[in-house]
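Residues per chain are reported as follows:
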Amino acid sequence: MINTREGNTDTKDNSVISFDILPYISLSRQPNTKQSRELVSFIVGLLIRHRNSNPKRRKVGPKATERLQRQAGAVIAGLCYGCIQRSHKPVQAPKAFEAAFWKRTSNLVGNEAFWSIIADLEALGLVEVIKRHCLKGNDGSFIRRPLAIVPTSLFQSLALKYGCSRRETVANDWAVCPSPKGHPKDTIEVSPFRLLTFGHWPIGLDHQRGRIRNTAAPLDAQTALKDNPAWDTAIEEKLSFIERLNAAVLGADIQGCIPSPLYMRQGPNLWLGGRIYTKGPDTFQTITKEERKHITINGEPVAEVDIQAASLSIALRWFSRFPDISPSVVIPPLRADPYQFKELSKFPRDAVKHWVTVSLLRGKLLTTHWPDDTPPTIRDTVRCSDVRKAVLNVYPCLGQIGLNVIPCRSDVLNALPIGSSEAQKDRLIGWAFGQFLINLECSIIQGALDKLLAEGIVALPLHDGLIVPQSAVEATKEAISATQEEPSCPLPQPLYLAVSMPLSNT
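What comes next is a walk through the structure. (Residues numbered from 1 in each chain as written. Predicted model: local features only at pLDDT ≥ 70, side-chain atom pairs only at ≥ 80, totals over all residues. Heavy atoms only, no water.)

## Thoughts on the packing of helix α8 (residues 232-251) against helix α15 (residues 422-454)
Where α8 contacts α15, the two axes come as close as 11 Å, and the packing angle between them is 55°. Relative to α15, the element α8 lies oblique. Both α8 and α15 take part in a crossing whose hand is left-handed. Within the contact between the two elements, α8 uses Phe241, Arg244, Leu245 and Ala248 and α15 uses Gln446, Leu449, Asp450 and Leu453. (Axes fitted to C-alpha atoms, helices over the stretch in contact; angles between N-to-C directions. Helix = DSSP H or I, 4+ residues; strand = E, 2+ residues; numbered from the N terminus. Parallel < 35°, antiparallel > 145°, perpendicular 65-115°, else oblique. Left-handed = near helix turned anticlockwise from the far one by under 90°. Contact = heavy atoms within 4.5 Å.)

As structure tokens, this is what we get:
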């Protein structure tokens with residue numbers, strides 16, 4: 001497929017965006033503050049005048065105005081919430097046939113009304129619809145299908161005028177609406193084999209936005225099993241686990257976010273990747289940390305229990321297993337912040353965390369340059385090379401990342417094309433090590449989840465932690481610690497678990 005653009009654009013750098021990783025537009029929100037309601041009312045007024053000016057369209061009466069206020073409110077909220085937080089980058093356009101998406105939008109706006117409003121906003125110069133070519137039938141002709149939507153500078157100026165353009169307040173300006181009553185949460189409308197997918201080795205690497213990715217479609221569990229018959233037991237256990245987790249989560253009364261089935265994404269091998277993801281906008285994984293504090297599970301407020309500085313903490317403990325590396329391993333005391341330990345306290349915590357994430361999890365091994373998606377507050381104030389030097393001074397073992405610390409190293413070498421350069425080899429090693437760290441993290445989180453499910457406790461998985469009812473905090477900490485103490489867990493030293501709750505409950 002060929003990504004194309006139509007019409008004039010005044011938005012910056014959209015032509016280099018990897019559209020396959022864009023988040024879906026949120027359609028489950030409504031204006032929640034005085035300024036956001038005023039912005040919606042103003043734009044709805046523009047929409048009404050635009051529609052009434054067309055003699056071929058039905059005039060907008062009082063009932064239609066009320067309905068348009070709700071529908072346009074959801075669209076404007078989705079554009080503001082999804083784009084402002086990401087420096088006005090596009091959001092992915094929903095597809096008409098994605099019934100599961102439209103069922104999870106709190107019934108605020110349907111497919112036909114959504115595209116009617118988008119067409120009017122485009123005519124008013126408030127949004128741009130980015131389209132792609134798709135082949136039509138056997139005659140070779142092309143049609144254009146919407147791919148992404150982005151606010152124009154006119155929309156951005158209106159948001160700024162009405163005070164709705166600040167990242168700090170965007171979640172409060174546009175609140176998630178309650179799930180529709182009678183929503184069939186206890187059903188999963190996909191094959192069980194699609195709940196577990198396997199990725200590919202990143203050969204033909206995509207380096208956009210500072211990430212190393214393979215954009216080929218993942219394999220479902222059934223296809224992966226045909227190619228790797230020896231994985232049958234592991235795949236059966238993973239499918240059983242993800243189905244039990246879905247039954248518990250979708251069967252619970254969870255408020256404050258939009259319900260979604262859970263999917264496990266494995267890497268090209270059983271020891272790579274394995275994180276659990278939700279699908280669609282406004283789920284417990286995609287809303288802000290502040291919004292997650294308002295979630296309830298079966299009527300009970302929640303807390304987050306997470307592994308502090310998970311990727312760095314797990315990497316340090318993994319290195320301590322190697323006799324030739326362990327003398328250079330420095331593990332901070334349990335209550336110390338690994339991102340602010342010793343001389344790292346001279347740098348903003350977010351900068352150190354971002355460098356560690358990019359270097360350990362994204363395949364940009366010990367990078368000396370900030371990637372494209374680095375927040376301006378970090379890029380403009382801190383030199384990447386300075387952070388790198390400080391991190392390696394405090395944790396010199398990170399300089400030892402190579403094939404010798406990766407299990408199944410033969411799989412990595414076999415994945416390299418013949419004639420690969422040393423730079424390509426280093427990138428693949430960095431990527432594989434990051435995916436292995438993620439796998440270690442997942443084994444701990446999912447082991448704890450399994451124990452909590454056995455006790456009848458509903459827990460929502462984040463990448464490095466769990467959202468649980470506040471009454472289950474201690475049980476969750478014990479489950480994570482017990483998982484790490486199992487003989488199958490390769491991390492010798494305990495991990496520090498941080499607990500966060502709403503301020504009124506701490």
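## Let's talk about the pattern of salt bridges
Side-chain pairing between opposite charges can occur once the charged atoms of the two side chains come close. Per the stated rule, a full pass over the model turns up 14 salt bridges. Between Glu291 and Arg29 there is a salt bridge, with the nearest N and O atoms lying 2.7 Å from each other. Of this pair, Glu291 sits in helix α9 (residues 289-292) while Arg29 sits in strand β2 (residues 29-31), placing them 262 residues apart in sequence. Residues Glu291 and Arg29 agree in their burial class; the two are buried. In this structure, Glu38 and Lys34 form a salt bridge, with 2.7 Å as the shortest nitrogen-oxygen distance. Here the residue Glu38 and the residue Lys34 both occupy positions in helix α1 (residues 34-52), the gap between them amounting to four residues, near one helical turn. Judged by its relative accessible area of 35%, Glu38 falls in the partly exposed class. (Salt bridge = Lys/Arg side-chain N within 4 Å of Asp/Glu carboxyl O. Buried < 20%, exposed > 50% of the residue type's maximum accessible area, 1.4 Å probe, protein only.)

## Some remarks on the pairing of strand β10 (residues 263-266)
Sheet topology places strand β7 (residues 196-198) next to β10; three bridges connect them, and they run parallel. Across the sheet, Leu196 pairs through a bridge with Met264, a residue of β10. In terms of strand pairing, β10 meets strand β11 (residues 273-277) through four bridges, oriented antiparallel. Each residue of the ladder has a partner; that of Tyr263, found in β11, is Tyr277. (Pairing = 2+ DSSP bridges.)

## A look at α8
With 20 residues, α8 ought to run about 28 Å at 1.5 Å a step, and its terminal C-alpha atoms sit 28 Å apart, in line with that. Buried within α8 are the following residues: Ile235, Lys238, Leu239, Phe241, Ile242, Leu245, Asn246, Val249 and Leu250. Down the axis of α8, the sector holding all buried residues measures 165°, keeping them to one side. When the buried face of α8 is taken as reference, the exposed residues oriented beyond 90 degrees from it are Glu236, Glu237, Ala247 and Gly251. (Expected span 1.5 Å × (residues − 1). Arc of directions from axis to C-beta.)

## Some points on the side chain of Gln266
Considering the arrangement of structural elements, one finds Gln266 in strand β10. Overall, the relative accessible area of 4% leaves Gln266 in the buried class. Within polar-contact distance, the side chain of Gln266 engages the backbone oxygen of Leu270 at 3.0 Å. The residues touching Gln266, leaving out its near neighbours within four places in the chain, are Leu196, Thr197, Phe198, Gly199, Lys238, Leu272, Gly273, Gly274 and Asn439. (Polar contact = N/O pair within 3.5 Å; in protein donor to acceptor, adjacent residues only side chain to side chain.)

## With respect to the packing of helix α11 (residues 349-361) against helix α13 (residues 384-394)
Orientation of α11 relative to α13, taken along the N-to-C sense of each, is 80°, at an axis distance of 10 Å. By the criterion of interaxial angle, the relationship of α11 to α13 is roughly perpendicular. From α11, Ala351, Val352 and Trp355 reach across to α13, where they touch Cys384, Val387, Arg388 and Val391. Considered class by class, the residues forming the contact of α11 with α13 number six nonpolar, no polar and one charged. (Nonpolar A, V, L, I, M, F, W, Y, C, P; charged D, E, K, R; others polar.)

## Concerning the nonpolar core
In terms of nonpolar packing, the biggest core is built from 148 residues, with Leu39, Leu121 and Phe319 touching the most fellow members. Contacts of Leu121, omitting those with residues within four sequence positions, involve Ile43, Leu47, Val75, Leu79, Leu126 and Val127. (Core = buried A, V, L, I, M, F, W, Y, C linked by side-chain atoms within 4.5 Å.)

## Some points on the packing of aromatic side chains
Counted by the stated rule, this structure contains eight aromatic pairs. When the centroid spacing of 4.8 Å and the interplanar angle of 65° are considered together, the rings of Trp318 and Phe436 count as edge-to-face. Taken together, the residues Trp318 in helix α10 (residues 310-319) and Phe436 in helix α15 connect sequence positions 118 residues apart. For Phe436, a relative accessible area of 5% translates into the label buried. Among the aromatic residues, ring-to-ring pairing joins Trp271, Trp318, Phe322 and Phe436 into one connected group. Across from the ring centre of Tyr81, 3.5 Å away, lies the NZ or CZ of Arg29, which sits over that ring. Sitting above the plane of the Tyr277 ring, Arg265 keeps its charged end 4.1 Å from the centroid. (Phe/Tyr/Trp six-rings, centres within 6.5 Å; stacked < 30°, edge-to-face > 60°. Lys NZ or Arg CZ within 6 Å of the ring centre and 35° of its normal.)

## Looking at the pairing of strand β15 (residues 465-469)
Of all the five residues making up β15, five are buried; the element is thus mostly covered by neighbouring parts of the structure. The pairing of strand β13 (residues 300-307) with β15 spans five bridges and is classified as antiparallel. Bridge assignment links Ala303 to a residue of β15, and that residue is Val468. When strand β14 (residues 460-461) meets β15, the two strands line up antiparallel, connected through two bridges. Paired with Pro461 across the two strands is Leu466, which belongs to β15. Hairpin connection between β14 and β15: a loop of three residues separates the two successive antiparallel strands.

## Some words on unusual backbone geometry
Look at Asp282: it is not a glycine, yet its phi comes out positive at around 65°. With respect to the helices, strands and loops of the structure, Asp282 is situated in the loop between β11 and α9. Taking relative accessible area as the criterion, Asp282 reaches 2% and is therefore assigned buried. Backbone geometry places Cys408, a non-glycine residue, at a positive phi of 55°.

## Some details on the sheet that holds strand β8 (residues 219-220)
The four strands lie next to each other as β8-β7-β10-β11, forming an open sheet whose pairing is mixed. With partners counted over all chains shown, the strands left at the sheet margins are β8 and β11, one partner each. Running over the sheet, α15 touches β10 and β11 and is turned about 55° from β11.

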